[in-house]
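Understanding the architecture of this molecule
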Amino acid sequence: MIELSGIAAQQKRLGALTTTAASAVIRRGDFILGDEVATLENRLAQQVGRRCCVSCGSGTDALALMLMAEGIGEGDAVFVPAFTFAATADTVVMQGATPVFVDVDEETMCLSPGRLRAAAERVRAGGRLRPRAVIAVDLFGHPADYGAICAVAEQMGMTVLEDAAQSLGACRGTQAAGSFGRLSGTSFFPTKPLGCWGDGGAVFTDCPDTAELLRSLRVHGRGKSRYEYERIGMNSRLDTIQAAVLLAKLDPFYRRELPARRNLAARYTARLSGIVRTPAVRAGDLPSWAQYTIRLKNRRQRERLRQFLSARSIPTGIYYPKPLPLQAAFENFAGVERFPVSEALSETVLSLPMHAYVSDGQFELIARAVEDFMRMGDC
């Protein structure tokens with residue numbers, strides 16, 4: 001059976017490691033903020049190249065904690081991509097700030113620096129909101145253009161926050177994803193490149209004082225003693241079992257799974273380039289390939305290809321079928337702007353199976369099916 005994200009295949013191969021690690025926690029009964037949590041945080045910080053890592057309950061909570069640590073709230077404008085998962089924007093609303101949607105780049109599908117500048121200048125000229133921060137998303141495991149984004153943010157007096165929920169393990173040159181923003185958050189949701197057995201997340205920072213603030217915020221704003229509260233916080237702690245599972249997966253992820261993902265992506269691109277529109281990778285980038293996302297001519301062609309592949313037991317995914325500004329939840333923040341690139345992507349993107357355990361035979365089946373469909377002509 002071909003899987004889209006490979007959770008069952010990974011568990012089949014790493015199940016003994018992860019089960020042994022989780023069983024050790026169960027025997028101790030040390031379920032909340034146990035030793036494995038601190039060990040995981042230290043190892044992740046070293047891997048990403050940041051001084052500090054603070055784990056939390058989910059990738060969404062990681063975004064919320066970053067906004068809380070920065071003191072972002074009412075009257076602040078936070079610029080977010082129009083084409084991404086809802087958490088990037090809804091955490092802004094939950095903090096009382098205003099998400100300002102920005103269209104994405106045609107090639108990379110990540111936040112467009114040029115459109116960010118235009119949006120920030122428009123908000124500043126309007127005078128109602130303060131341009132305060134930008135959340136750049138490493139979409140599908142590809143690092144955003146942080147050089148250009150940070151240049152715009154510096155000129156506009158904004159903080160850059162990195163949504164690395166899909167990009168742990170990616171890098172640009174020698175710099176790892178999770179190290180580009182003033183604060184960077186990631187997710188350990190099971191379908192992510194490095195996933196646990198449930199929800200989990202982490203925030204990276206180079207400031208020890210900020211790390212201490214984050215540790216307070218993740219436990220109800222706790223102070224130095226258990227029942228001392230210095231600020232309003234939240235309940236967002238990574239379970240010790242999840243930390244143990246992630247520790248067991250960490251070495252196989254970096255040593256075997258990431259190279260396998262990159263090899264599969266290279267094979268897809270070599271086979272399908274010129275047949276469909278394959279993902280663009282900028283020089284110097286090594287994506288983590290959370291998804292391998294092709295583009296079709298239009299919605300009709302995409303739906304026909306999806307049905308064609310489904311009939312051959314090949315799963316596919318559509319990330320994301322509607323841009324955030326067009327979602328009912330964000331209709332009060334959409335304004336009058338249009339987002340032509342994001343709208344076109346929502347009509348045409350299709351993600352193929354991407355994980356470290358796609359066999360040669362499965363790859364051949366997937367690639368040949370796409371080729372066969374495109375040879376049919378008017379599709």
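Description of the structure in this document. As the structure is a computational prediction, the values presented were derived from the model and not from experiment.

This part is about the environment of Asp285. Mapped onto the elements, Asp285 comes out in strand E10 (residues 285-286). Taking relative accessible area as the criterion, Asp285 reaches 9% and is therefore assigned buried. The spatial distance from the C-alpha of Asp285 to the C-alpha of Gly173 is 6.2 Å, given a sequence separation of 112 residues. At a separation of 2.6 Å, a polar atom in the side chain of Asp285 contacts the side chain of Arg172.

Before going further, it helps to examine the side chain of Thr240. Turning to its location among the elements, Thr240 is positioned in helix H8 (residues 240-272). Discounting residues that sit within four places of it in the chain, Thr240 has contacts with Val25, Arg28, Asp30, Phe31, Ile32, Leu33, Gly34, Glu36 and Val37.

Moving on, we come to the side chain of Arg261. Following the sequence through the fold, Arg261 ends up in helix H8. Put simply, Arg261 is tucked away with no salt bridge, and the nearest opposite charge, on Glu257, sits 5.5 Å away. There is a polar contact of 2.6 Å between the side chain of Arg261 and the backbone oxygen of Trp289. Each residue touching Arg261, except ones within four places of it in the same chain, is listed here: Lys192, Pro193, Ser288, Trp289, Ala290, Met354, His355 and Ala356.

Below, the discussion takes up the packing of aromatic side chains. If you walk through the whole model with that rule in mind, you get 9 aromatic pairs. Ring geometry for Phe253 against Tyr254: centres 4.8 Å apart, planes inclined by 70°, an arrangement best described as edge-to-face. Given the relative accessible area of 21%, Tyr254 is considered partly exposed. In this structure an aromatic cluster arises from ring pairing among Tyr268, Trp289, Tyr292 and Phe363. Geometry around Phe363 places Arg267 over its ring, the cationic atom sitting 4.1 Å from the centre. A cation over a ring is seen here: Arg312 above Phe308, with NZ or CZ 3.6 Å from the ring centre.

This brings us to a nonpolar patch on the surface. Residues Ile26, Phe31, Ile32 and Leu33 make up a contiguous nonpolar surface patch of roughly 340 Å² in combined accessible area. For Ile26, the location among the structural elements is in helix H1 (residues 7-28).

Turning our eyes to something else, we now look at empty space enclosed by the protein. In the structure shown here, the tally under the stated rule is 4 cavities of 30 Å³ or more. Taken as a whole, the largest cavity encloses approximately 110 Å³ of empty space. Together, 15 residues line the largest cavity, and Ser5, Gly6, Gln10, Pro193 and Arg261 are the ones closest to its centre. Every element with two or more residues in the lining of the largest cavity is listed here: H1 and H8. Ranked by residue count, the leading element in the lining of the largest cavity is H8, at 3 residues. Counted by class, the lining of the largest cavity contains 5 nonpolar, 6 polar and 4 charged residues.

Attention shifts here to the pattern of salt bridges. Two side chains bearing opposite charge may form a pair once their charged atoms approach each other closely. If you walk through the whole model with that rule in mind, you get 25 salt bridges. For Arg295, the salt bridge identified is with Glu106, shortest N-O distance 3.5 Å. Of the two residues, Arg295 sits in strand E11 (residues 292-295) while Glu106 sits in the loop between strand E3 (98-102) and helix H5 (113-126), which places them 189 residues apart along the sequence. Judged by relative accessible area, which is 8%, Arg295 ranks as buried. Judged by its relative accessible area of 33%, Glu106 falls in the partly exposed class. Here Arg282 ties to Asp145 by a salt bridge, and the two come within 3.5 Å at their closest N and O atoms. On the criterion of sequence distance, the pair formed by Arg282 in the loop between H8 and E10 and Asp145 in the loop between strand E4 (130-137) and helix H6 (146-156) is long-range, its members being 137 residues apart. Each of Glu106, Glu107, Arg277 and Arg295 takes part in one network of salt bridges that share partners.

Reading the values: the criteria
- Residues numbered from 1 in each chain as written.
- Predicted model: local features only at pLDDT ≥ 70, side-chain atom pairs only at ≥ 80, totals over all residues.
- Heavy atoms only, no water.
- Helix = DSSP H or I, 4+ residues; strand = E, 2+ residues; numbered from the N terminus.
- Buried < 20%, exposed > 50% of the residue type's maximum accessible area, 1.4 Å probe, protein only.
- Polar contact = N/O pair within 3.5 Å; in protein donor to acceptor, adjacent residues only side chain to side chain.
- Contact = heavy atoms within 4.5 Å.
- Lys, Arg positive; Asp, Glu negative; His and termini not counted.
- Salt bridge = Lys/Arg side-chain N within 4 Å of Asp/Glu carboxyl O.
- Phe/Tyr/Trp six-rings, centres within 6.5 Å; stacked < 30°, edge-to-face > 60°.
- Lys NZ or Arg CZ within 6 Å of the ring centre and 35° of its normal.
- Patch = residues over 30% accessible without salt bridge, like charges linked within 9 Å, V, L, I, M, F, W, Y side chains within 5 Å.
- Areas by Shrake-Rupley, 256 points an atom, 1.4 Å probe, with all protein chains shown as cover.
- 1 Å grid on protein atoms, 1.4 Å probe; cavity = no way out; pocket = protein on both sides within 12 Å on 5 of 7 lines; lining within 4 Å.
- Points joined across faces, edges and corners; volume = space filled by probe spheres on them.
- Nonpolar A, V, L, I, M, F, W, Y, C, P; charged D, E, K, R; others polar.

Remember, this is a structural readout, not a statement about activity or role.
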